[in-house]
Amino acid sequence: MNTVLSVLALGTASALAYAAAAVGQRTAALRAGGPHGTGLRRSGAWWISILCNALGAVLHTAALRYGSLVAVQMLGVLTLVAAPLLSSAVLRHRMTPAQWSGTALTVAGVVGLLALVPSAGTSRTLDPRELAGVVGLTAVAMGVPAVAAAVTRRPGLGGLSYAAAAGVAFAAASALAQTAVLQVTGDGSGTLATTVLVAGGVIGLAPAGLLLCQLAYRDGLEAPLATVTLVNPVFAVLIGVAVLGDRYATDPLTVLAALTAALAAARGVYVLARAEAHAAPAGARPQVAAPGGHFWGIRSRRPTVVRRSGEASGSMTGR
């Protein structure tokens, strides 16, 4: 099998595994967030999603052995196509016209952005200076949306912020994984200490991205998944420009096309977020992993009962 077919086959299989994992996480979020939620540790869907994520990671890492970071990340767009269809079958609901149009816009935008980026380059390893740059850039890019998600009170915005942080984590983990696999197979330069450091970064970032996705999926599937799918390759390109010194065409026509594609993708995420916000009645959306919620087996705290003097029953106070 030649290099192009290897990247195509492995990248496509990885995207499908990640799509199944996303649906599993969303299913676990729905079950854990219900009135009788038992926690993610007791959810079969959660553990299936873990296995699918692990399979996706193995296939993704293998694809990085044969192709450039951006080329492999581009195939991740297939996740956005497969996950809603699989979700419709598993959760037994039909996608609305708004969800279809939002998915189409996001996919078109992401594909348009990546089509403007040369992705046929060979895979390469990161030297110590570049590794430090990736770590610093990732810390900032993950920290800002994570903090925004923690402090926001706007419905849906927190989920999108967590999804953005997850996309950054996955992109950085992919960059480090490529370096690790090339060093292990002897196709890249680097010391044993560097290899261990890179492997440690992957081991830390991959679970972080998984947990951030789980937090994001409490607000829905399509919009958070679209955000992860959009941020992931864009941050990979940012790593290439800011750390690796990659240069891309900056003529007016290319810039205009890139802006158009970015606006299409952003519009798609917005349409998906609005569609999911109106998909269920107010107050019916599950709240998973929120303080006091069902997460890792921790039950929700009961509402505080405040009794006033002279009243037989207390009033319920919510947060």
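Just so we're clear, the structure is a prediction, and the values are computed from it rather than from any experiment.

Enquirer: Whenever I open this one, the overall build of the chain confuses me. Can you help?
Expert: From N to C terminus, the chain includes ten helices and two strands. Going from the N terminus to the C terminus, the chain shows its helices and strands as α-α-α-α-α-α-α-α-α-α-β-β. Within the chain, buried positions represent 45% of all 319 residues. When contacts within the chain are restricted to residue pairs at least 6 apart in sequence, long-range pairs at least 24 apart make up 79% of them. Total accessible area on the chain is roughly 16000 Å²; 68% of this is exposed by carbon and sulfur atoms.

Enquirer: Explanation requested: helix H4 (residues 77-91) in the structure shown.
Expert: Residues three or four positions apart in an α-helix share a direction because the helix packs 3.6 residues into each turn. For H4, which comprises 15 residues, the first-to-last C-alpha distance of 22 Å matches the rise-based estimate of 21 Å (1.5 Å per residue) to within 8%. Immediately beyond the C-terminal end of H4, within one or two residues, lies Arg92, with a positive phi of roughly 60°.

Enquirer: Teacher, can you tell me more about the layout of surface pockets here?
Expert: The gaps left among the atoms become clear once a water-sized probe is rolled over them. There is about 670 Å³ of room inside the second largest pocket. Residue lining of the second largest pocket: 33 residues in total, with Tyr18, Asn53, Ala57, Phe170 and Asn232 positioned closest to the centre. Examining the composition of the lining of the second largest pocket, we find that seven residues originate from one element, helix H1 (residues 3-32), more than from any other.

Enquirer: Sorry if this is basic, but what is going on with the confidence of the model for the chain here?
Expert: As a general rule, the predicted coordinates of low-pLDDT regions are not to be interpreted in detail. In this model, the chain carries a mean pLDDT of 74, and residues with pLDDT of at least 70 account for 75%. At the level of individual helices and strands, the chain shows its lowest average pLDDT in strand S2 (residues 315-317), which scores 38, and its highest in helix H6 (residues 128-151), which scores 88. For residues 280-319, every residue scores under 50 in pLDDT, and the model assigns this stretch 63 contacts once sequence neighbours within four places are set aside.

Enquirer: Help me understand the nonpolar core, please; the structure alone is not making it clear to me.
Expert: Ranked by internal contacts, the top residues of the largest apolar core, which has 56 residues, are Leu176 and Leu205. Here this core gets 14 residues from one element, more than from any other, and that element is helix H7 (residues 157-184).

Enquirer: Hey, could you run me through the environment of Val4 in this one?
Expert: Mapping Val4 onto the fold places it in helix H1. Residue Val4 is classed as exposed on the basis of its relative accessible area of 64%. In this structure, the C-alpha to C-alpha distance between Val4 and Ala63, residues 59 residues apart in sequence, is 9.9 Å.

Enquirer: What is the right way to look at a nonpolar patch on the surface in this model?
Expert: There is a patch of nonpolar side chains on the surface, built from Val81, Leu85 and Trp100 and spanning about 290 Å² of accessible area. By relative accessible area, which is 44% here, Leu85 ends up partly exposed.

Enquirer: Hey, could you run me through the side chain of Thr229 in this one?
Expert: With respect to the helices, strands and loops of the structure, Thr229 is situated in helix H9 (residues 222-242). Here Leu225 takes part through its backbone oxygen, which lies 2.7 Å from a polar atom of the side chain of Thr229. If we skip the residues at most four places from it in the chain, Thr229 touches Gly76, Val77, Leu80 and Val110.

Enquirer: Teacher, can you tell me more about the environment of Gly143 here?
Expert: Among the secondary structure elements, Gly143 is positioned in helix H6. The exposure class assigned to Gly143 is partly exposed, which follows from its relative accessible area of 27%. Considering only alpha carbons, one finds Gly143 and Ala165, 22 residues apart in sequence, at a separation of 7.4 Å.

Enquirer: In this structure, what is going on with H7? I would like to understand it.
Expert: Here H7 spans 40 Å end to end across 28 residues, near enough to the 40 Å set by a 1.5 Å rise per residue. Burial runs high along H7: 25 of the 28 residues are buried.

Enquirer: Please clarify how the packing of H6 against H9 should be interpreted in this entry.
Expert: The geometry of H6 relative to H9 is characterised by a closest axis approach of 11 Å and an angle of 140° between their N-to-C directions. Classified by the angle between their axes, H6 and H9 sit oblique to one another. The handedness of the crossing between H6 and H9 is right-handed. Where H6 abuts H9, its residues Val134, Leu137, Thr138 and Ala141 lie against Phe235, Leu238, Ile239 and Ala242.

Enquirer: How do you make sense of the side chain of Asn232 when you look at a structure like this?
Expert: Structurally, Asn232 is set in helix H9. Taking the relative accessible area as the measure of exposure, Asn232 reaches 15% and is therefore buried. Beyond its immediate stretch of four places on either side in the chain, Asn232 contacts Gln73, Gly167, Phe170 and Ala171.

Enquirer: How should the packing of H6 against H7 be read in this particular structure?
Expert: Packed helix pairs are characterised by how far apart their axes lie and by the angle those axes make with each other. The contact between H6 and H7 brings their axes to 7 Å, and the two run at 165°. Relative to H7, the element H6 lies roughly antiparallel. Considering the relative orientation of H6 and H7, their crossing is left-handed. In this structure, H6 contributes Leu131, Val134, Thr138, Ala141, Met142, Pro145, Ala146, Ala148, Ala149 and Ala150 to the contact, and H7 contributes Gly158, Ser161, Tyr162, Ala164, Ala165, Val168, Ala169, Ala172 and Leu176. Among the residues making up the contact of H6 with H7, the classes are represented as 16 nonpolar, three polar and no charged.

Enquirer: I would appreciate a short explanation of the environment of Ala28 in the present structure.
Expert: Within the secondary structure, Ala28 sits in helix H1. Residue classification places Ala28 among the buried positions, given a relative accessible area of 0%. For the pair Ala28 and Trp46, spaced 18 residues apart in sequence, the C-alpha to C-alpha distance is 5.3 Å.

What counts, and at which threshold
- Chains are numbered independently. Their residues run from 1 in the order of the written sequence.
- Totals for whole chains, interfaces and linings use all residues, but because this is a predicted model, local features are given only for residues with pLDDT of at least 70 and pairs of side-chain atoms are given and counted only at 80 or more.
- Hydrogens are left out, water is left out, and the side-chain values use all remaining heavy atoms of the structure.
- We count a stretch as a helix when DSSP gives it H or I for four or more residues in a row; a strand needs E for two or more, and each element gets its number in order from the N terminus.
- Partly exposed describes any residue whose relative accessible area lies between the buried limit of under 20% and the exposed limit of over 50%, with all areas from a 1.4 Å probe on protein chains only and scaled to the type maximum.
- Contact between two residues is taken to exist if any of their heavy atoms lie within 4.5 Å; hydrogens are not considered.
- Each accessible area is a Shrake-Rupley result for a 1.4 Å probe, and residues are judged covered by the shown protein chains and nothing else.
- A helix's residues, less one, multiplied by 1.5 Å, set its expected span.
- As defined here, a cavity is a set of points on a 1 Å grid over the protein atoms alone where a 1.4 Å probe fits but cannot get out. A pocket is an open set with protein on both sides within 12 Å along at least five of seven lines, and residues line them when an atom is within 4 Å of a point.
- Grid points are joined across faces, edges and corners, and a volume is the space filled by probe spheres set on the points.
- The score called pLDDT rates the predictor's confidence residue by residue, from a low of 0 to a high of 100.
- We call a set of buried Ala, Val, Leu, Ile, Met, Phe, Trp, Tyr and Cys residues a nonpolar core when their side-chain atoms join them within 4.5 Å.
- In this analysis, a patch consists of residues with relative accessible area above 30% that form no salt bridge, clustered at 9 Å for like charges and at 5 Å for the nonpolar side chains Val, Leu, Ile, Met, Phe, Trp and Tyr.
- Here, a salt bridge means any Lys or Arg side-chain nitrogen found within 4 Å of an Asp or Glu carboxyl oxygen.
- Polar contact is defined as a pair of N or O atoms within 3.5 Å, subject to the rule that within protein one atom must be able to donate a hydrogen and the other to accept it, and that residues adjacent in sequence are counted only when both atoms are side-chain atoms.
- Interaxial angle, 0 to 180 degrees, is taken between N-to-C directions of lines fitted to C-alpha atoms, where a helix line uses only the stretch in contact.
- Small angles under 35 degrees read as roughly parallel and large ones over 145 as roughly antiparallel, with 65 to 115 read as roughly perpendicular and the rest as oblique.
- Each helix crossing is assigned a hand: it is left-handed if the near helix lies turned anticlockwise from the far helix by less than a right angle, otherwise right-handed if that turn is clockwise.
- Ten residues, namely Ala, Val, Leu, Ile, Met, Phe, Trp, Tyr, Cys and Pro, are considered nonpolar, four, namely Asp, Glu, Lys and Arg, are considered charged, and the remaining ones, Gly among them, are considered polar.

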